[in-house]
Amino acid sequence: MSKNRLSDSSSDPGSMRKSDGGSSNSSVVIDDKSEEKLSCSEVWSQYPKHVTFIVGNEFCERFSYYGMRSVLLLYLRNYLHWDDNTATSVYHTFTVLAYLFPLVGAVIADSYWGKYKTIIVLSVVYVFGHIVKTIGSIPYVPTQTAHAILSMFGLFFIAVGTGGIKPCVSSFGGDQFSVDQKYVRKQFFSLFYFAINAGSLISTFLTPIFRADVDCYPGETDPQFDECYALAFGVPAALMVVALIFFVAGTKWYTIYPPEGSIFTRVCKCIYSGCRNRWKTPSKERNKEHWLEYADATPKLIRDTKYVLRVLMLYIPLPFFWALFDQQGSRWTLQAIQTNGHLGGLLIKPDQVEVLNPLLIVTLIPLFEATLYPFLRHFKIPFPPLRRMTVGLILAGCSFIAAAILQIEIDKTLTPLPKSNEYGVRVLNAAPCDINVIPDGYERTVVQKEKTSTIFFYRHDVKASLEVFSCDGMKNTTEDVPFPGKQEVVDFVISGSQGNVINEVSMITHKTEGGGGRFSVVNLDEMKRTLAVFAVPLDRGKPPERATKVLYSDRSDPIDVPYGTSRILFYQDNYLGNGSDVLVGEFELYLDVGGAYSVVFKNGDTFSTLDLKPNIISVAWMIPQFVIITVGEVFLSITGLEFSYSQAPPSMKSVLTSLWLFTVSLGNIIVIIIAEAKGIEKQSDEFFLFAGLIFVAAIIFIFLAYRYVPVDENEFAIEIAEEEKRLKTKAEAHKRLESGKKGGSVEEIDPPAYENHAVDVQIDEKPTEYKSETRL
């Protein structure tokens with residue numbers, strides 16, 4: 001989750017190499033360390049205090065985004081009742097948009113509104129999306145269609161908001177520092193990125209607790225009130241409101257620059273005109289070395305765009321990394337549902353497993369800086385950026401192999417259920433004898449007393465029937481199976497003194513995510529009464545807050561209780577809890593973690609059956625795959641963007657950031673395509689497929705990296721120096737305007753033509769360290 005996650009460092013021209021710009025004929029010394037000798041109190045005294053508003057804004061915004069996203073998949077699956085593939089596709093579609101809109105936000109900020117206005121306006125859109133999303137999750141909203149429509153509109157506005165402000169906030173924070181405050185600015189970005197990781201870590205842990213452990217609707221009996229998604233979405237919405245308040249509160253102290261035009265737009269125009277003009281040029285007249293030289297652009301822009309395209313070639317395999325990485329919140333969450341989340345006295349909810357990623361990120365980065373990298377340097381083992389990125393791709397594939405092996409072991413413990421294009425039929429025998437049945441396409445099967453048959457599977461478009469024989473062995477009836485939905489199971493409940501009464505109910509096919517067990521009640525009361533069912537856990541935990549009603553000859557909604565023994569109480573009609581309730585029966589049931597059970601009420605002859613096998617494998621077995629993919633993220637994501645910055649002029653940082661985030665969108669599109677194709681039934685096979693894809697991507701990356709000739713580290717020293725001079729001049733002009741003195745407008749200050757300036761550059765010999773703690 002550390003996501004993709006390298007920030008827009010374009011705000012920090014000195015972050016890659018420190019320089020002290022002077023006049024066009026001055027000596028520039030890179031890596032000036034004078035500020036690093038300051039004490040903490042001296043550093044704090046130089047801080048623009050209003051940047052704390054920006055840091056607070058970022059913490060709350062990241063809490064808002066990751067908190068909402070941590071419970072999103074289970075909301076789509078459990079509340080909107082979408083199947084796993086549809087829920088996965090919607091989850092990744094949202095991520096596609098969230099990492100596509102940074103392109104739009106950057107262009108708007110640079111060309112029209114400026115960073116400050118863009119952040120304000122799109123934060124309001126962000127808040128609006130959260131409000132719509134929260135309203136859509138309130139159970140009192142009528143109809144499932146309304147819930148779905150409100151949720152989709154809410155997610156769209158959230159994606160617009162979070163994506164639009166993503167390239168603006170960190171760079172706006174950088175604008176608050178003068179060019180001379182390189183070290184202080186560097187410390188700000190460390191604090192900024194700590195706020196990002198802290199917001200993600202805390203929200204990913206807390207929001208699932210709001211979903212599962214808070215009873216927001218006391219007295220309500222419908223299953224849609226069992227989980228509090230309105231609170232789980234409402235708290236992130238409130239944090240986004242706080243984020244906006246934080247940001248607005250610092251307005252009067254901010255340094256706000258007007259837009260100067262979008263370099264991304266100029267690069268796109270350069271590429272377009274280069275392609276167009278070369279196409280229009282007759283082949284005999286094509287005498288230029290590179291097709292970009294046909295573009296209608298300045299020589300410098302053409303040169304800079306060439307550098308960008310060289311780096312962009314290295315980006316080609318990167319979407320496959322994000323395709324795997326972002327499944328931590330989708331497929332891996334679904335895998336966690338099938339494991340036992342109890343670790344000693346701690347319960348890890350399925351949507352909390354993602355917390356491992358930010359937790360490992362904040363642990364591994366300083367650990368590697370203190371141990372791995374010094375070890376490699378000590379023994380002179382080269383580990384350059386492109387090699388790190390290659391290892392990152394390979395490790396991501398290894399993590400999915402680990403996930404696939406774990407899934408194979410999990411599948412061995414699961415009850416077989418219908419595939420995506422199937423439905424199932426099962427027989428539950430509540431008669432006083434063994435019953436013979438012959439399902440279409442299957443041989444005669446004996447269903448023992450108080451037991452169930454195996455599930456018989458049929459294609460979703462095939463009409464099936466079931467022959468049922470009574471206790472005396474005579475054919476009783478032939479029952480036509482109604483067409484249920486895909487992946488659903490119809491239970492034929494056989495009862496009566498001779499097995500001559502047949503009822504149809506739906507089997508519960510989903511497990512609880514609460515770390516306990518789940519049961520439902522089939523009401524075969526001889527007096528045909530409506531029952532109110534109340535469960536009392538005897539070993540641990542609290543009972544459900546409400547009783548569950550079940551009509552005669554019907555199955556109740558699922559009831560979730562802590563694992564262990566529970567006493568199930570059956571009351572006539574209603575349970576009021578005031579002493580006037582009529583108890584008509586009770587039954588003790590032991591429930592394992594993840595198990596699902598049917599309790600058949602037959603007055604004095606109540607019994608239970610196991611519907612879904614319990615979760616045997618511990619969630620701790622998922623830790624290796626999280627460790628492996630997070631190490632891969634440190635090597636690829638943390639290294640990749642900063643290496644890119646070193647390979648292109650500083651003016652191209654925003655372009656590289658936009659293209660880097662675009663690879664995240666492309667990666668999520670790959671997941672959507674595979675999920676919607678529905679051609680792979682076994683989840684383990686899908687994991688192996690993704691592992692194979694990224695190994696192919698790693699081979700391609702190795703080939704591209706082998707052919708890539710890195711730019712010399714000092715190639716852009718002059719541009720860096722001139723960029724800092726330009727920023728300093730821009731800041732001084734801004735101060736003159738703010739103080740009312742005469743001076744040039746900020747808009748009049750153009751980027752310098754670097755190639756026309758002679759700057760004597762003195763380079764520090766120390767190599768650049770590629771590191772970051774970023775998490776966008």
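The structure presented is a predicted model; accordingly, all values stated were derived computationally and were not measured.

S.K.: Give a description of the side chain of Ser665 that names residues and reports values.
M.R.: Looking at the secondary structure, you find Ser665 in helix H16 (residues 653-677). For Ser665, a relative accessible area of 2% corresponds to the buried category. In this structure the side chain of Ser665 is engaged in a polar contact, spanning 2.7 Å, whose partner is the backbone oxygen of Val96. Polar side-chain contacts of Ser665 include one of 3.3 Å to the backbone oxygen of Tyr99. Apart from the residues within four sequence positions on either side, Ser665 is in contact with Val96, Tyr99 and Leu100.

S.K.: Lay out the state of the cysteines in plain terms, naming residues and giving numbers.
M.R.: Counted by the stated rule, this structure contains two disulfides. The disulfide partner of Cys216 is Cys228, and the S-S distance across this bridge is 1.8 Å. Taking the sign of the S-S torsion, about -100 degrees here, the bridge from Cys216 to Cys228 comes out left-handed. One end of the pair, Cys216, is in the loop between helix H7 (182-213) and helix H8 (229-249); the other, Cys228, is in the loop between H7 and H8, with twelve residues separating them in the sequence. Exposure remark for Cys216: the relative accessible area of 29% places this residue in the partly exposed category.

S.K.: Requested: an account of the packing of helix H5 (residues 101-136) against H8, with residues and values cited.
M.R.: With their axes 9 Å apart at the nearest point, H5 and H8 run at an angle of 160 degrees to one another. Classified by the angle their axes make, H5 and H8 are roughly antiparallel. Read as a crossing pair, H5 and H8 show a hand that is left-handed. Two secondary-structure elements touch here, H5 through Tyr116, Ile119, Ile120, Ser123, Val124, Tyr126, Val127, His130, Lys133 and Thr134 and H8 through Ala230, Phe233, Gly234, Pro236, Ala237, Met240, Val241, Leu244, Phe247 and Val248. Among the residues forming the contact of H5 with H8, the class breakdown is 15 nonpolar, four polar and one charged.

S.K.: Please provide a residue-by-residue account of the sheet that holds strand S14 (residues 548-550), values included.
M.R.: Sheet architecture is open: four strands sit in the order S14-S13-S16-S17, paired in antiparallel fashion. With one partner strand each, in any of the chains shown, S14 and strand S17 (583-591) form the two edges of the open sheet. Within the sheet, the average angular offset between the axes of one strand and its neighbour, ignoring direction, is 30 degrees.

S.K.: Explain the side chain of Lys133 to me, and be specific about the residues and the numbers.
M.R.: Secondary-structure assignment places Lys133 in helix H5. With no salt bridge to any partner, buried Lys133 finds its closest opposite charge in Glu227, at an N-O distance of 12 Å. Residue contacts for Lys133: discarding those within four places in its chain leaves Leu72, Tyr75, Leu150, Ser151, Gly154, Leu155, Ile158 and Phe233.

S.K.: Outline H7, listing residues and values.
M.R.: Under the 1.5 Å per step criterion, the end-to-end length of H7 is 47 Å for 32 residues, consistent within 8% with the ideal 46 Å. In H7, a bend of some 25 degrees at Ser203 exceeds every other bend along the element.

S.K.: Summarise unusual backbone geometry; cite the residues concerned and give the values.
M.R.: Even without glycine at this site, Glu450 takes up a positive phi of about 60 degrees. Mapping Glu450 onto the fold places it in the loop between strand S6 (445-447) and strand S7 (456-459). With a relative accessible area of 24%, Glu450 lands in the partly exposed category. Its identity is not glycine, yet Gln487 carries a phi of approximately 65 degrees, on the positive side.

S.K.: Could you give me a rundown of the pattern of salt bridges, with the residues and numbers involved?
M.R.: The final tally for this structure, using the stated rule, is 23 salt bridges. Note that Lys412 is salt-bridged to Glu409, the shortest N-O span being 3.1 Å. Look at Lys412 and you get exposed, because its relative accessible area is 57%. Of the charged contacts in the structure, one is a salt bridge between Asp560 and Arg518, with a shortest N-O distance of 2.7 Å. Taken together, the residues Asp560 in strand S15 (residues 559-561) and Arg518 in strand S12 (residues 517-523) connect sequence positions 42 residues apart. The exposure class of Asp560 is partly exposed, given its relative accessible area of 35%.

S.K.: An account of the pairing of S12 is requested, with residue identities and associated values reported.
M.R.: Note on strand geometry: in a regular strand, side chains alternate between the two faces of the sheet. The buried fraction of S12 is high, at seven of seven residues. Judged by which residues are buried, S12 turns out to be covered on both faces: Gly517, Phe519, Val521 and Asn523 on one side and Arg518, Ser520 and Val522 on the other are all buried. Across six bridges, the pairing between S12 and strand S18 (residues 596-601) is parallel. When the sheet's bridge partners are listed, Arg518 is paired in S18 with Ala596.

So, how was this worked out
- Residues numbered from 1 in each chain as written.
- Predicted model: local features only at pLDDT ≥ 70, side-chain atom pairs only at ≥ 80, totals over all residues.
- Heavy atoms only, no water.
- Helix = DSSP H or I, 4+ residues; strand = E, 2+ residues; numbered from the N terminus.
- Buried < 20%, exposed > 50% of the residue type's maximum accessible area, 1.4 Å probe, protein only.
- Polar contact = N/O pair within 3.5 Å; in protein donor to acceptor, adjacent residues only side chain to side chain.
- Contact = heavy atoms within 4.5 Å.
- Disulfide = S-S within 2.5 Å.
- Axes fitted to C-alpha atoms, helices over the stretch in contact; angles between N-to-C directions.
- Parallel < 35°, antiparallel > 145°, perpendicular 65-115°, else oblique.
- Left-handed = near helix turned anticlockwise from the far one by under 90°.
- Nonpolar A, V, L, I, M, F, W, Y, C, P; charged D, E, K, R; others polar.
- Pairing = 2+ DSSP bridges.
- Lys, Arg positive; Asp, Glu negative; His and termini not counted.
- Salt bridge = Lys/Arg side-chain N within 4 Å of Asp/Glu carboxyl O.
- Expected span 1.5 Å × (residues − 1).
- Bend = angle between axes of the 7 residues up to and from the residue.

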